[in-house]
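Take a look at the letters that make up each chain.
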Amino acid sequence: TSRPGGVKGFDWGPYLSSTSSDAASVSCFKHCPMSDNWLNITVGMKVEIQNHECDLPEHAYWIATVIKIAGYKSLMRFEGFGNDTSYDFWMNLCTQDVHPVGWCATIGKPLVPPKSIQHKYLDWKEYLVKRLTGSRTLPSNFYNKVVESISNHRFKKGVNVEVVDKMCVSAMRVATVDEVIGGRLRLQYVDSKEENDDFWCHMRSPLVHPITWSQRSGHKLHAIQEYKNECLNKIITENYHPTDAVPDMFHKVKEPMGDLKFQVGMKLEAIDPLNLSAICVATVMKVLKNNYLMIGIDGSMAQNGSDWFCYHTSSPCIFPVGFCEINGLDLTPPRGYKGQFKWFEYLKQSKSTAAPVKLFDKEIPKHGFKPSHKVEAVDLMEPRLICVATVSKVVGRLLRIHFDGWENEYDQWVDSESPDLYPAGWCEVMNYGLEGPRVKVEPPAPIPPAPKSNKTPDS
Ligand code: MLZ
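What counts and how
- Residues numbered from 1 in each chain as written.
- Predicted model: local features only at pLDDT ≥ 70, side-chain atom pairs only at ≥ 80, totals over all residues.
- Heavy atoms only, no water.
- Helix = DSSP H or I, 4+ residues; strand = E, 2+ residues; numbered from the N terminus.
- Contact = heavy atoms within 4.5 Å.
- Lys, Arg positive; Asp, Glu negative; His and termini not counted.
- Charge placed at Lys NZ, Arg CZ, Asp CG, Glu CD.
- Phe/Tyr/Trp six-rings, centres within 6.5 Å; stacked < 30°, edge-to-face > 60°.
- Lys NZ or Arg CZ within 6 Å of the ring centre and 35° of its normal.
- 1 Å grid on protein atoms, 1.4 Å probe; cavity = no way out; pocket = protein on both sides within 12 Å on 5 of 7 lines; lining within 4 Å.
- Points joined across faces, edges and corners; volume = space filled by probe spheres on them.
- Nonpolar A, V, L, I, M, F, W, Y, C, P; charged D, E, K, R; others polar.
- Pairing = 2+ DSSP bridges.
- Buried < 20%, exposed > 50% of the residue type's maximum accessible area, 1.4 Å probe, protein only.
- Arc of directions from axis to C-beta.
- Polar contact = N/O pair within 3.5 Å; in protein donor to acceptor, adjacent residues only side chain to side chain.

Draft legend 1. Structural context of the overall build of the chain. Helices and strands together make up the secondary structure of the chain, namely nine helices and 22 strands. Here the analysis covers contacts within the chain between residues at least 6 apart in sequence; of these, 60% occur between residues at least 24 apart. Measuring between centres, the 52 positive side-chain charges of the chain sit 4 Å from its 53 negative side-chain charges.

Draft legend 2. Region of interest: the packing of aromatic side chains. Scanning the model with the defined rule gives 29 aromatic pairs in all. Pairwise contacts between aromatic rings join W62, Y121, W124 and Y127 into one cluster. Above the ring of Y189, the side-chain terminus of R173 is found at 4.1 Å from the ring centroid. The ring of Y432 has R184 sitting right over it, with the charged end atom 5.3 Å from the ring centre.

Draft legend 3. Seen up close, empty space enclosed by the protein. The final tally for this structure, using the stated rule, is one cavity of 30 Å³ or more. Empty space within the largest cavity amounts to approximately 30 Å³. Mapped onto the lining of the largest cavity, the elements with two or more residues apiece are strand 18 (374–378), strand 20 (398–403) and strand 21 (412–415). Grouping the amino acids of the lining of the largest cavity by side-chain chemistry returns seven nonpolar, one polar and one charged.

Draft legend 4. Structural detail: the sheet that holds strand 18. Overall, antiparallel pairing links the five strands, which are arranged 21-20-19-18-22 in an open sheet. Every other strand in the sheet has two partners, leaving strand 21 and strand 22 (421–422) as the edge strands with one partner each. Relative to strand 19 (residues 386–395), strand 18 runs antiparallel, the two sharing five bridges. From the neighbouring strand, V378 faces strand 19, where its bridge partner is I386.

Draft legend 5. Structural view of unusual backbone geometry. With a phi close to 55°, N290 is a non-glycine residue in the positive phi region. Summarising the element assignment, N290 is placed in the loop between strand 13 (275–287) and strand 14 (292–297). Positive phi is not limited to glycine here, since N291 has a value of about 70°. Looking at the secondary structure, you find N291 in the loop between strand 13 and strand 14. Overall, N291 belongs to the buried group, its relative accessible area being 18%.

Draft legend 6. Examining helix 3 (residues 124–132) more closely. Of the positions making up helix 3, those classed as buried are W124, Y127 and L128. Down the axis of helix 3, the buried side of the element spans an arc of 95°, and every buried residue falls inside it. Within helix 3, the exposed residues directed more than 90 degrees away from the buried face are K125, V129 and K130. Where helix 3 is buried, its residues contact strand 2 (61–70). For helix 3, the capping residue at the N-terminal end is D123, with a side-chain oxygen 3.2 Å from the backbone nitrogen of K125. One or two residues past the end of helix 3 sits G134, with phi positive at roughly 75°.

Take a look at the structure:
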């Protein structure tokens, strides 16, 4: 029999069932559609779904109950199956195929039970009334809200931004939005010599900024002089071009409290922007305007500063000296460091001071992520890819993301409020290809020698 819920590409349903895993709740992802309303979406809620197991010439529907919720995906069971799990199916709650109870009545579609259970009750109407009394369903405009919230922003094709240069992370470049999918921008660098030199980045990513941002912050910018001159003019006049991304299209960053400030040379711990699986010994290399810092990873800095990286002082990806030790995490010592790394000795040897703990943002939002939760995560080393992943560690607000099927070297540390994490089923809602877990191709097993048998055939 054909069931509802067929999916192109990687299908979360069977994977979640066969690995008996839980997925992080949509309410963990503030930047995703329906995140704010998700607590109203509960197990036991009833919906109307097309019933393929029916001989009517027109489309028929039937009532299903939400049995389990995993991100946007929901395990469903048609009414009448009782405790029989054999016909359960997964659907994406944010697609057009899931309707609130009452939808069929409103538009005159028939509600018909699947053929295989038709014999179970004589009076299905009475049965349904009993089952539906006191039950919850989706709000009637649910799907419209999903669609609305997807395009509820001002980033459109043709808008220009300043974004990190993927070939040189210490500099910004100007880029044009070429495509927007679920708040993710496909950017083309304007001065690129190559075709298809694109870069994917969420509109809420700390890597992307409005026009004039680099000059206002004192950040290095790879752009032609004419652009830089235009920006200086825009900074004075506040006359932006209609295609310029402007500051109020971006989320505000937190301003630090107190007058204590980061100073050049101060030591800290930071996620290595070029190897996101490592938290490293790092140094403040430059203090920019508006509370931005250029951070360098000790022991692997290029002479010209081309691998310095910009973090805001409130960034959840920089930590005070001792953070890893306190949390039982591996701190990556400076490359080539001899002997066992001890901060105390290192500070003495390098005649430097630790950035005061007070300077770091210590807020830990109630995010709801737990180890073993499944998510869809951007592979930030190849940000076009969104992959099936697992939260493998939770340290305050920091998450370690493991890509299913890949070695731990591919793991990435990300903040729990990262816009590069999505609920299971997000790619399906956005119609974006999801990279399934890597499946190792086993070499063919050698054919085992035939077992010696002392029985004669047919004995
Ligand atoms: N070209 C890369 C792709 C890695 C993608 C991993 N995503 C979790 C490689 O094969 O190493």
